[in-house]
Each structure stands twice: as structure tokens, then as C-alpha cells.
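Now for the letters of each chain:
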Amino acid sequence: VWGETAKGFFEEKGIASDRLHITGAPHFDGLSGHDPDVAAVRERLGVPDGDTIITLASQPFDDEVRRSILDAAVNHVAPLEGVTVILRPHPREDIELHREFADGSDEDIRLAAETDIHDLLSASDLLLAVNSTVIFEASLLGTPVLVLSFTDERDHPLYSPENGYPCVTDPDQLGELVTDAL
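Keep in mind the model is a prediction, meaning the values are calculated, not measured.

Teacher, can you tell me more about the overall build of the chain here?
Of regular secondary structure, the chain possesses seven helices and six strands. What you see in the chain, going N to C, is helices and strands ordered as α-α-β-α-β-α-β-α-β-α-β-β-α. In terms of overall dimensions, the chain is globule-like: its C-alpha atoms have a radius of gyration of 17 Å, near the 16 Å expected for 182 residues. Taken along its principal axes, the extent of the C-alpha atoms in the chain is 55 × 35 × 30 Å. Expressed as a percentage of its 182 residues, the buried residues of the chain come to 46%. Sequence-distant contacts in the chain: of pairs separated by 6 or more residues, those separated by 24 or more amount to 61%. Accessible area for the chain stands at about 9,400 Å²; split by element, carbon and sulfur atoms hold 45% of it. Here the chain contributes 12 positive and 36 negative side-chain charges, whose respective centroids are spaced 7 Å apart.

In this structure, what is going on with the sheet that holds strand S6 (residues 167-168)? I would like to understand it.
Strand pairing within a sheet occurs via backbone hydrogen bonds; the two strands may be parallel or antiparallel. Across the sheet, which stays open at both edges, the six strands sit in the order S3-S2-S1-S4-S5-S6 with parallel pairing between neighbours. Only two strands of the sheet have a single partner each, and these edge strands are strand S3 (109-111) and S6. Bridge count between strand S5 (residues 145-148) and S6: two bridges; the pairing is parallel. In the sheet register, leucine 148 faces S6, and the bridge partner there is valine 168. Helix-sheet contacts for helix H6 (residues 133-140) involve strand S1 (52-57), strand S4 (126-129) and S5, and the interaxial angle to S4 is about 165°.

Please clarify how the nonpolar core should be interpreted in this entry.
Soluble globular proteins tend to bury their nonpolar side chains together. Core analysis: the largest hydrophobic core is formed by 27 residues, its most contacted members being Leu56, Val77, Val85, Leu128, Leu148, Leu174 and Val178. Residue assignment for this core shows that the elements contributing at least two residues are S1, helix H3 (63-77), strand S2 (83-88), helix H4 (96-103), S4, S5 and helix H7 (174-181). Examining the composition of this core, we find that seven residues originate from one element, H3, more than from any other. Those residues in contact with leucine 128, other than ones at most four positions away along the chain, are Ile54, Thr55, Leu56, Ala57, Val77, Leu146, Leu148, Leu174 and Val178. If you look at the next biggest cluster of nonpolar residues, it comprises 17 residues, including Ala57, Leu127, Ile135 and Val145.

In this structure, what is going on with the pattern of salt bridges? I would like to understand it.
Pairing between side chains becomes possible if they bear opposite charge and their charged atoms approach one another. Tallied over the entire structure, the rule returns five salt bridges. A salt bridge links arginine 110 to aspartate 108; the nearest nitrogen and oxygen atoms lie 2.4 Å apart.

Help me understand the pairing of S5, please; the structure alone is not making it clear to me.
Regular strands have side chains that alternate between both faces of the sheet. With burial as the criterion, each face of S5 is covered, one bearing Val145 and Val147 and the other bearing Leu146 and Leu148. In the sheet, S4 pairs with S5 via three bridges, with the strands oriented parallel. The partner of leucine 127 across the bridge, within S5, is valine 145. Crossover connection from S4 via H6 to parallel S5: handedness right-handed.

Just to check I follow, could you spell out the packing of H3 against H4 for this structure?
Direction vectors running N to C along H3 and H4 enclose 25°, while the axes themselves pass 10 Å from each other. With respect to H4, the axis of H3 lies roughly parallel. Two packed elements cross with a definite hand, and for H3 against H4 that hand is right-handed. In contact with Asp63, Arg66, Arg67, Leu70, Asp71 and Val74 of H3, H4 contributes Leu97, His98, Glu100 and Phe101. Partitioned by chemical class, the residues of the contact of H3 with H4 number four nonpolar, one polar and five charged.

So what exactly am I meant to see when it comes to the environment of valine 130 here?
Note that valine 130 resides in the loop between S4 and H6. With relative accessibility at 1%, the residue valine 130 sits in the buried group. When neighbours within four sequence positions are excluded, valine 130 is seen to be in contact with Ala57, Gln59, Phe61, Ile69, Ile135, Leu148, Thr151 and Glu153.

The rules we used
- Residues numbered from 1 in each chain as written.
- Predicted model: local features only at pLDDT ≥ 70, side-chain atom pairs only at ≥ 80, totals over all residues.
- Heavy atoms only, no water.
- Helix = DSSP H or I, 4+ residues; strand = E, 2+ residues; numbered from the N terminus.
- Rg over C-alpha atoms; globule rule 2.2 N^0.38 Å.
- Buried < 20%, exposed > 50% of the residue type's maximum accessible area, 1.4 Å probe, protein only.
- Contact = heavy atoms within 4.5 Å.
- Areas by Shrake-Rupley, 256 points an atom, 1.4 Å probe, with all protein chains shown as cover.
- Lys, Arg positive; Asp, Glu negative; His and termini not counted.
- Charge placed at Lys NZ, Arg CZ, Asp CG, Glu CD.
- Pairing = 2+ DSSP bridges.
- Axes fitted to C-alpha atoms, helices over the stretch in contact; angles between N-to-C directions.
- Core = buried A, V, L, I, M, F, W, Y, C linked by side-chain atoms within 4.5 Å.
- Salt bridge = Lys/Arg side-chain N within 4 Å of Asp/Glu carboxyl O.
- Right-handed = clockwise from strand over helix to strand, strands pointing away.
- Parallel < 35°, antiparallel > 145°, perpendicular 65-115°, else oblique.
- Left-handed = near helix turned anticlockwise from the far one by under 90°.
- Nonpolar A, V, L, I, M, F, W, Y, C, P; charged D, E, K, R; others polar.

Structure below.
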């Protein structure tokens with residue numbers, strides 16, 4: 001497992017302690033040297049010079065959950081001055097709902113389904129997400145995170161305020177909390 005927190009999580013789930021060994025997560029080792037050309041990422045996405053990039057990374061949850069987080073980003077974050085919202089669907093996710101929200105808004109919103117997630121995280125000023133490994137990856141890359149905890153999805157215990165991840169429990173407060181996080 002990754003570390004003591006993960007070990008404790010699995011022990012609470014009934015896995016015998018002698019079966020758990022802390023090895024770290026080799027998958028994440030490559031992120032320590034990840035250094036993309038952020039200016040090139042911004043240019044490919046068409047982000048205006050000086051704009052702050054707020055990325056919403058979603059998951060293949062049911063449409064109600066996906067709709068609630070997309071609605072919050074489009075209606076409470078995108079209207080903020082000097083902000084470009086990037087919608088980054090999960091690779092297994094149907095992007096039509098994202099396209100509907102991006103195309104239906106007058107705000108500065110980009111759909112980045114094909115952009116490398118780690119390049120995007122490196123170029124982002126803030127990540128919005130619901131229990132996803134991308135939250136941890138953003139932290140490793142130095143990108144601040146707000147965890148969206150206002151959906152019917154169960155919150156992941158690793159992505160909690162106790163572990164340094166601020167959580168948004170009311171979508172109507174998202175714009176204010178994004179402003180505070182920047």
C-alpha cells in the first residue's frame with residue numbers, strides 16, 4: 001500500500017495487518033520529474049494570457065452526479081473574472097454531457113478530453129474533483145485542490161480536510177471558495 005494512512009484504511013476494512021506492506025506507489029514516481037511546457041499547454045487550450053486555469057476533472061459517475069459538478073463549475077466558477085475553466089473528463093467517460101455544458105455557456109470554458117492529465121494539472125492553478133486519484137496526482141505536482149463533496153458520491157477518506165484537502169459541501173459557495181483558494 002502507499003503508506004500508513006492507506007494501511008490503516010485497509011485494516012479498517014478487515015485486511016490483516018500482516019498482509020499489508022508499505023511500498024509506496026511506483027506509478028507516481030514519474031511525476032517527480034514531470035516538467036511540461038506550461039506555456040505550450042495553455043496555448044494549445046487557447047487560454048488567454050493572464051487567465052487563471054481552473055480544471056474540473058470528472059469521473060464516470062452517473063449523470064446526476066456529473067451534471068451537478070459540471071453545473072457548479074459552469075455557473076459558480078466560470079463567471080469569475082480572469083478565469084478559464086477546463087473540463088477534463090475521465091478517459092472512460094462519455095464527453096457529450098461535458099460538451100453540452102461547454103457549448104451552452106457564454107463563459108470561458110474549454111473541453112480538454114485529449115489533453116494529457118499530468119500536463120493539464122501542471123498548467124492548472126486549481127483542481128476541482130470528486131474522489132479521484134487525480135487529486136493525489138495534483139498534490140504531487142504542486143497544484144492546489146478543492147474536493148467537491150456536495151454530490152451523492154461517497155467521499156473518499158483519503159481526500160478529506162484531515163488529510164489537507166479542503167472540501168466544498170455547498171455548490172453555491174464554490175465561487176467564493178475558489179477565489180479564497182487562489
